4 protein chains.
Amino acid sequence: MNLPTPLTGVVPPVCTPLTPDREVDVDSLLRLVDHLIDGGVDGLFVLGSSSEAAFLTDGQRRLVVKSVAAHLGGRLPLLAGAIDMTTPRVLDHVAEVTEEGADAVVVTAPFYTRTHPAEIARHYRRIAAESPVPVVAYDLPMAVHTKLPADLVLELAADGVLAGLKDSSGDLGGFRTVVTGARTHPGITGFSVLTGSEAIVDAALALGADGAVPGLANVDPHGYVRLHRLCRAGDWDRARAEQERLCALFGMVGVGDPARMGGSSSALGAFKAALHLRGVIACAATAEPQVPLSEDEVERVGKHLAAAGLL
Amino acid sequence: MNLPTPLTGVVPPVCTPLTPDREVDVDSLLRLVDHLIDGGVDGLFVLGSSSEAAFLTDGQRRLVVKSVAAHLGGRLPLLAGAIDMTTPRVLDHVAEVTEEGADAVVVTAPFYTRTHPAEIARHYRRIAAESPVPVVAYDLPMAVHTKLPADLVLELAADGVLAGLKDSSGDLGGFRTVVTGARTHPGITGFSVLTGSEAIVDAALALGADGAVPGLANVDPHGYVRLHRLCRAGDWDRARAEQERLCALFGMVGVGDPARMGGSSSALGAFKAALHLRGVIACAATAEPQVPLSEDEVERVGKHLAAAGLL
Amino acid sequence: MNLPTPLTGVVPPVCTPLTPDREVDVDSLLRLVDHLIDGGVDGLFVLGSSSEAAFLTDGQRRLVVKSVAAHLGGRLPLLAGAIDMTTPRVLDHVAEVTEEGADAVVVTAPFYTRTHPAEIARHYRRIAAESPVPVVAYDLPMAVHTKLPADLVLELAADGVLAGLKDSSGDLGGFRTVVTGARTHPGITGFSVLTGSEAIVDAALALGADGAVPGLANVDPHGYVRLHRLCRAGDWDRARAEQERLCALFGMVGVGDPARMGGSSSALGAFKAALHLRGVIACAATAEPQVPLSEDEVERVGKHLAAAGLL
Amino acid sequence: MNLPTPLTGVVPPVCTPLTPDREVDVDSLLRLVDHLIDGGVDGLFVLGSSSEAAFLTDGQRRLVVKSVAAHLGGRLPLLAGAIDMTTPRVLDHVAEVTEEGADAVVVTAPFYTRTHPAEIARHYRRIAAESPVPVVAYDLPMAVHTKLPADLVLELAADGVLAGLKDSSGDLGGFRTVVTGARTHPGITGFSVLTGSEAIVDAALALGADGAVPGLANVDPHGYVRLHRLCRAGDWDRARAEQERLCALFGMVGVGDPARMGGSSSALGAFKAALHLRGVIACAATAEPQVPLSEDEVERVGKHLAAAGLL
């Protein structure tokens, strides 16, 4: 299907359930997709950071897109990450995920290599020229170690290179520059500005964002869809209450002991433990070399679910 | 062939010559290998940073290893980078490069994802368990955004997980901790400590390093081999003079205008322009999205070559 | 006067006008204070980053506090920065600014030295124990190179160590954790959570912030006071329009040529040029070693003012 | 006395002994100075990072310089740090320390504020114009969060703005660029290039450094003086052995538990504990908000001393 212009609403970055031996658990993945559709989401984003794209082999990535695309059958727009270091490698992923059915690709600036705004522009222009589907920029400085400059995003939007932005930078001021610029720039139409920050979706929508891509929506899609609707209705008080409930739930990302593991092990481990506790996926394993949560830590995830009314 | 224990001497990270349309130029690659062998180097490292590994597709990576391995025919040890974000993806590269003939693999800590010392240890242990050849750790904080702790490297060396370290961190104090630790730790034998810093090879060898992996050795392998021999002979005055000549030559990495391009475009562009000017490779193109050097900038590369007596 | 508990509303970080030979221009400073009072602000913050506190000598700092305190005569609460590297040096500034009449002190985490959460806690506890007035934490990672953890801020608030937070981190998610925590924690009362981010004041107030400390309020205090009132009235549509007008005005911080100067020269130069163009201060000079704006750059500041209806 | 041109040899950054209530312990300070003179050092550097300059009040800083200058009576050159955020504040310190007898001032790039190479140049030029004594640049990126570019240092050296460089960046390649540049640039004479890296003094001297400013020389001045003499004599094997003994001793900086304290608390705590154990200073207290070492940690410092033959 064609990507809506702009894409709006809640577009969860879909977790990738794994078997105990770290293969993609397709049954669980499709149950998770059904869980999200049941929640009322507006699109799906596979192979993002919450999907552990950085940990999946090329074969696993392909299997994820193929399985979800077939299962969706065009019911919702399907975005797929094409996460790799530089243009030629990203282009290979673009070819693969679009062959399997992605309706749009989500692409970061180059990483691992040192980079430069001129090179970032060249990167996106080259990818857009080759991609059969629209290209959404993915701003994730924590991973990429570069912040996409708002001016550059708007320039590429005006030139038709980019169809949207997924902003997980946490910098709402810079995000606003893109939102406002995309609305006022005469040459930009249909550009989709999406926040990836779980805790400030109400604020992002209030200032004009088109939608949100919250990893936590795996755990509580109904909550984020409710939040989105309240914001669209201008019911800001109830929106804020819903957002605060989700913020408390989001506290689960900190359950992992920082002496034993990094932030990714803790956050993705918590999302998967929650999905397992909610009965959506069969196994909470995360990919190597992430450190598994302890029983105590999983129990704390359960308390977060209970406090949010999800158990 | 088996990797020497320890691997010593000059082991250049081999540039990857490209055609004007950015395919691997195998003829030029093999001429470059011959140029390096003629220089007297002690091993070759393909698919490192100077090889633009971050820019090569999986198919191109495989072609590079296969071509060089076949051409070498076991005359020199062949190390190959298995550069990717996390354990499962690195393992796929390990399988590919060893199938094509690599005698050892060179692996960084996880990147793009947030990481932790416990996860780095888990990463190397898992890779060493699966790899059919020895694993060399690659410390490149500029790209990976994590510094490998000296204690962790020594622990993994003592446990037989790591066969060596290529240190491109620029931190000679930390490097020394590994060099001294590898010599004095009763459980460590045959561990190879190699510096990746072009400008301080004499210093690294003086304090006990086993060898060097300098990108600039593509341009002047004879110079680095001479430097290594002078150091081994304890002729520190002549070694210093040779090193200073190479430092001046290394100034070429700064020819690119920082308003137009990043450090990788400039440095790799300069190495390739120099190889082209010296008649070793057919085309100086670097991979996308790197910005090409201008004619003026290439001319400045030529002046560096001339000043170093290489034209 | 006593600091309100909590302090709410618009509390500009007051610029420090200088003479052409870089002495404090007290006449201009008091005119600026009158301009801010005329705008309807709720308090003043001297010796913050927008005040060039990092550039003022101890004598100049003292003169600023003394002059403003005398001029205010208790009409508004007066906060003063006590910006220095570590506890003993900060305590000297606390003694000086409170002697001159500050009603509260604003203090960052230690900087220049390497630091640790336990040391940050120790720092604030020691300062609060010695300070005759309430202590407000100043979170400014761009300058301090440490982010104040939300948990630590809340712990210190609950213990009565901190009276408030000025958050200039740009991280609205973390800010929200403090806002919500300060409201729900049973042991915290009267704690003031203020945003220092010019471009997202509406968002910060919508999620429960007590007020804002925007550097740009020097240039347009009436605008920020209007924005604050619209937010308090729940008139979010008009608030957003006002905020967007201020965001466009805020674009002035980027007038300086990045090839010639850093971000501080550009932003503080623009604020002072704007105040000079508006007739509030006599001279737009910034402190050494900041690079002055060119005539062209000042002209662009003027265009920002005109577009915002301020000339 | 006049600063030698160039200043050479071992110039320890003198620790500042404190009383249990954190006042400067002048008796211990002068005993420490005698201990260093007895070790054969070539100059003294007060108010550097190892001196806890960032933690000393202006009054304490002045007392340190005055006491040491009077005690030295011109026997050795006395360098003093003028450590503060920007030009005007540094100039005040320059006036104070030179009034008290400093023969040279040591100055970092601006910090806390955002900066730019043009502003760094302006900073040093302005300070040199006002200072009655020579200005030595202090490159300490861990504290200042900016690396002094080698080209800029050489430009300022050629213009007579800088008399020397104390490089604590750990980047020996960049250091070498300054060493070689200072030797070969026709306009530079008498410029002193000093390393601040405890663990690679032999390497720095081998490549042409004029001397070293190692914090660990407080603990073992005789060792560093011996090392310097061995290097000057070209006895590189014995120099390396001496350096390795000092490297093992330097391991004491890591005794502090990272869960309880930061790197400064650990390293400076260890130096002071060692000086106390060696009977040089009366009390091992470090300034607030640094966390004191535990008894166990102090015991581990003792083991380092014993292993190095210093107890």
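Everything below is about the structure shown above.
What this report covers is the structure whose coordinates are included nearby. (Residues numbered from 1 in each chain as written. Chains lettered and ligands numbered in written order. Predicted model: local features only at pLDDT ≥ 70, side-chain atom pairs only at ≥ 80, totals over all residues. Heavy atoms only, no water.)

## Quick notes on the packing of helix α1 (residues 26-39) of chain A against helix α2 (residues 58-72) of chain A
Residues and elements named next belong to chain A. Relative to each other, α1 and α2 sit at 45°, their axes nearing to 10 Å. In terms of their interaxial angle, α1 and α2 are classed as oblique. Taken as a pair, α1 and α2 cross one another with a handedness that is right-handed. Note on element contacts: α2 touches α1 through L63, V64, S67, V68, H71 and L72, opposite V26, L29, L30, V33, D34 and I37. Its residues assigned to classes, the contact of α1 with α2 shows nine nonpolar, two polar and one charged. (Axes fitted to C-alpha atoms, helices over the stretch in contact; angles between N-to-C directions. Helix = DSSP H or I, 4+ residues; strand = E, 2+ residues; numbered from the N terminus. Parallel < 35°, antiparallel > 145°, perpendicular 65-115°, else oblique. Left-handed = near helix turned anticlockwise from the far one by under 90°. Contact = heavy atoms within 4.5 Å. Nonpolar A, V, L, I, M, F, W, Y, C, P; charged D, E, K, R; others polar.)

## Considerations on the side chain of A:S192
Residue and element names in this part refer to chain A. Relative to the elements of secondary structure, S192 occurs in strand β7 (residues 192-195). Residue class for S192 comes out buried when judged on its relative accessible area of 4%. Polar contacts involving the side chain of S192 include one to the main-chain carbonyl oxygen of L7, which spans 2.7 Å. Leaving out residues up to four positions away in the same chain, S192 has contacts with P6, L7, A163, G164, L165 and D210. (Buried < 20%, exposed > 50% of the residue type's maximum accessible area, 1.4 Å probe, protein only. Polar contact = N/O pair within 3.5 Å; in protein donor to acceptor, adjacent residues only side chain to side chain.)

## Notes on the sheet that holds β7(A)
In spatial order, the strands read β1-β8-β7-β6-β5-β4-β3-β2 (chain A); together these eight strands make up an open sheet with parallel pairing. Looking at which strands have only one partner, the edges of the open sheet turn out to be β1 (9-10) and β2 (44-46) of chain A. (Pairing = 2+ DSSP bridges.)

## Here we look at α1(A)
All names here are of chain A. In a regular helix each residue adds 1.5 Å, so 14 residues correspond to 20 Å; α1 covers 20 Å between its end C-alpha atoms and thus fits that length. Burial in α1 covers these residues: S28, L29, L30, L32, V33, H35, L36 and G39. For α1, the N-terminal cap is D25; the gap from its side-chain oxygen to the backbone nitrogen of D27 is 3.3 Å. Positive phi appears at G40, one or two residues downstream of α1, with a value of about 95°. (Expected span 1.5 Å × (residues − 1).)

## Description of the pairing of strand β7 (residues 192-195) of chain C
All names here are of chain C. Of the two faces of β7, both are covered, the one formed by S192 and L194 as well as the one formed by V193 and T195. Where strand β6 (residues 164-167) meets β7, four bridges bridge the pair, whose relative direction is parallel. By the bridge assignment, D167 is partnered in β7 with T195. When β7 meets strand β8 (residues 211-212), the two strands line up parallel, connected through two bridges. In the sheet register, L194 faces β8, and the bridge partner there is G211. Where the polypeptide runs from β7 across helix α8 (residues 201-206) and back to β8, its parallel neighbour, the crossover connection is right-handed. (Right-handed = clockwise from strand over helix to strand, strands pointing away.)

## Focus: the relation of the copies chain D and chain B
Between chain D and chain B, the superposition needs a rotation of 180° and an axial shift of 0.0 Å, giving an RMSD of 0.0 Å. A rotation of that kind, with that shift, is consistent with a two-fold axis. Same-surface contact between copies: 100% of interface residues of chain D are shared with the interface of chain B. (Least-squares fit on C-alpha atoms with pLDDT ≥ 70 in both.)

## Some words on the relation of the copies chain B and chain A
In screw terms, the move from chain B to chain A is a rotation of 180° and a rise of 0.0 Å along the axis, fitting with an RMSD of 0.0 Å. Of all interface residues in chain B, 100% are interface residues in chain A too; the two copies therefore contact each other through one and the same surface.

## Digging into the packing of helix α9 (residues 221-232) of chain A against helix α10 (residues 236-250) of chain A
Residue and element names in this part refer to chain A. In contact at an axis separation of 8 Å, α9 and α10 are set at 155° when each is read in the N-to-C sense. Accordingly, the angle class assigned to the pair α9 and α10 is roughly antiparallel. Crossing geometry of α9 relative to α10 is assigned as left-handed. Where α9 approaches α10, its residues G223, Y224, R226, L227, L230 and C231 are matched on the opposing element by W236, R238, A239, E242, Q243, R245 and L246.

## Section: the environment of D:E244
With respect to the secondary-structure elements, D:E244 resides in helix α10 (residues 236-250). For D:E244, a relative accessible area of 16% translates into the label buried. Each C-alpha atom, one on D:E244 and one on D:A157, is 33 Å from the other, the two residues being 87 residues apart in sequence. One polar contact links D:E244 to B:R183, side chain to side chain, over a distance of 2.7 Å.

## So, the arrangement of the chains
One finds no contact linking chain B with chain C; the least C-alpha distance across the pair is 9 Å. Where chain A comes nearest to chain D, the C-alpha atoms are still 9 Å apart, and the two do not contact one another.

## Let's talk about the interface of chain D and chain B
Every contact between the two is made by 19 residues of chain D and, on the other side, 19 residues of chain B. In total, about 1,300 Å² of surface goes out of reach between chain D and chain B, with carbon and sulfur atoms giving 47% of it. On the chain D side of the contact with chain B, D:R176, D:R240 and D:E244 bury the most area, a combined 40% of that side's loss. Joining chain D to chain B, the criterion identifies four salt bridges. Note that D:D202 is salt-bridged to B:R176, the shortest N-O span being 2.8 Å. Across the contact surface, chain D and chain B share eight residue pairs in polar contact (both at pLDDT 80 or more). Residue composition of the side of chain D that touches chain B, grouped by class: eight nonpolar, five polar and six charged. (Buried area = accessible area lost by both parts, 1.4 Å probe. Salt bridge = Lys/Arg side-chain N within 4 Å of Asp/Glu carboxyl O.)

## A few points about the pattern of salt bridges
The final tally for this structure, using the stated rule, is 80 salt bridges over all chains. A salt bridge links A:D139 to A:K147, with the shortest nitrogen-to-oxygen separation between them at 2.6 Å. We classify A:D139 as buried; its relative accessible area is 1%. Ionic pairing is found between B:R62 and B:E99, a salt bridge with its closest N-O pair at 3.4 Å. Of this pair, B:R62 sits in helix α2 (residues 58-72) while B:E99 is found in helix α3 (residues 87-99), placing the two residues 37 residues apart along the sequence. Three or more residues are tied together by salt bridges with common partners; here these are A:D58, A:D84, A:R89, B:D58, B:D84 and B:R89.

## Details of helix α10 (residues 236-250) of chain B
Taking 1.5 Å per residue, 15 residues should reach 21 Å; α10(B) reaches 20 Å between its end C-alpha atoms and fits that length. Lining the buried residues of α10(B) we find α8 (201-206), α9 (221-232) and α12 (295-307) of chain B together with α7 (172-184) of chain D.

## Considering the interface of chain B and chain A
Between chain B and chain A, the residue contacts involve 51 residues of the former and 51 residues of the latter. A combined buried area of about 4,000 Å² lies between chain B and chain A, and 57% of that area is made up of carbon and sulfur atoms. On the chain B side of the contact with chain A, B:R89, B:Y112 and B:R114 bury the most area, a combined 20% of that side's loss. Viewed at the interface, chain A and chain B are joined by six salt bridges. The closest approach of N and O atoms between B:R122 and A:E288, which form a salt bridge, is 2.9 Å. Our count for the contact surface shared by chain B and chain A stands at 20 residue pairs in polar contact (both at pLDDT 80 or more).

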